[in-house]
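What follows is each chain in one-letter form.
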Amino acid sequence: MLSVAGADHIITMDLHASQIQGFFDIPVDNLYAEPAVLKWIRENIAEWRNSIIVSPDAGGAKRVTSIADRLNVEFALIHKERKKANEVASMVLVGDVKDRVAILVDDMADTCGTICHAADKLVEAGATKVYAILTHGIFSGPAISRINNACFEAVVVTNTIPQDGHMKDCPKIQCIDVSMMFAEAVRRTHNGESVSYLFSNVPY
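Residues take numbers from 1 onward in each chain, read along the sequence in its written order. Local features in this predicted model are restricted to residues whose pLDDT is 70 or higher, and side-chain atom pairs enter the listing and the counts only when it is 80 or higher, whereas totals over whole chains, interfaces and linings include all residues. For side-chain calculations, the full set of non-hydrogen atoms in the structure is used, while hydrogens and water are omitted.

Looking up the chain in an unreviewed UniProt entry gives the name ribose-phosphate diphosphokinase, with the organism given as Anopheles sinensis. Of the comments in the UniProt record for the chain, the one headed Function (unreviewed entry) reads "Catalyzes the synthesis of phosphoribosylpyrophosphate (PRPP) that is essential for nucleotide synthesis." We quote the UniProt Subunit (unreviewed entry) comment for the chain here in full: "Homodimer. The active form is probably a hexamer composed of 3 homodimers." UniProt positions are given in the numbering used here, feature names are shortened, and annotations may be inferred rather than shown by experiment.

Set out below in structure tokens:
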């Protein structure tokens, strides 16, 4: 639809699967929220050096290991074990979060069932505080009430989806503004400069 509508270049952020870039026959730049997330962690979590980066499912392991390496901290992941096809999964935490600040990182949160369940698991396992950092905050259905009732210090999302309404309904939601990253990507594309600088740096 985007191509047929006349777009000749796409700039997007944190695609759920990077293979989606290959569906287009026009150039696609998939920016990463990671540099902005690292900046937010360093500036807003005083004890970030004693933190552990946690993936709420095995699929996000690559994302959390990358952030953990850049911060020089450890990582953990939560593995969902399905006993039978349609039974609710039990969660198994792989890694040691005791007496650490746990930072859950994922690319999106929709109804927030998984991350709220994961947060409970982390507190049970001895984490001192739990943060969640998510690129795309969809927050549909019972998401807001789940976050309000969960044990998060903060749930941090970017504004790839407008968050003003969600932030009014839930004081725990905080927002990272990524408009500058997109503006800089547009500027660099327009001037024929390299966009790859933005994959590991924040332009502000």
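Now that the structure is up, let's keep going.
So what's going on with the side chain of S55? Residues and values would help.
Of note, S55 is situated in strand β3 (residues 51-55). In protein, a polar contact requires one atom able to donate a hydrogen and another able to accept it; more generally it is a pair of N or O atoms within 3.5 Å, and residues adjacent in sequence count only if both atoms are side-chain atoms. Within the local environment of S55, its side chain forms a polar contact with the backbone oxygen of D57, the two atoms lying 2.5 Å apart. Only heavy atoms matter for contacts: two residues are in contact if any of them lie within 4.5 Å across the pair. Every residue in contact with S55, bar those within four places of it in the chain, is listed here: G60, A61, V64, A76, L77, I78, L104 and V105. Only runs of H or I of at least four residues qualify as helices and only runs of E of at least two qualify as strands under DSSP, and these elements are numbered from the N terminus.

How would you sum up the layout of surface pockets? Please name residues and give values.
In this structure, the largest pocket encloses a volume near 630 Å³. Here a cavity denotes a set of grid points, spaced 1 Å apart and computed over the protein atoms alone, in which a 1.4 Å probe fits but from which it cannot get out, and a pocket denotes an open set meeting protein on both sides within 12 Å along at least five of seven lines; residues with an atom within 4 Å of a point are reported as lining. Forming the boundary of the largest pocket are 25 residues, of which D14, L15, Y32, K62 and R63 lie nearest the centre. Sorting the residues of the lining of the largest pocket by element identifies α1 (34-44), α2 (61-71), β6 (101-109) and β7 (129-137) as the ones contributing at least two each. Looking at the lining of the largest pocket element by element, the count peaks at five residues for α2. Note on residue categories: nonpolar means Ala, Val, Leu, Ile, Met, Phe, Trp, Tyr, Cys or Pro, charged means Asp, Glu, Lys or Arg, and polar means any other residue, Gly included. Broken down by class, the residue content of the lining of the largest pocket amounts to ten nonpolar, seven polar and eight charged. Grid points are joined across faces, edges and corners, and a volume is the space filled by probe spheres set on the points. In this structure, the second largest pocket spans a volume of roughly 180 Å³. If you go around the second largest pocket, you meet 14 residues; those closest to its centre are D106, M108, A109, D110 and T114. Those elements that place two or more of their residues in the lining of the second largest pocket are β6 and α3 (113-124). Considered class by class, the residues forming the lining of the second largest pocket number five nonpolar, four polar and five charged.

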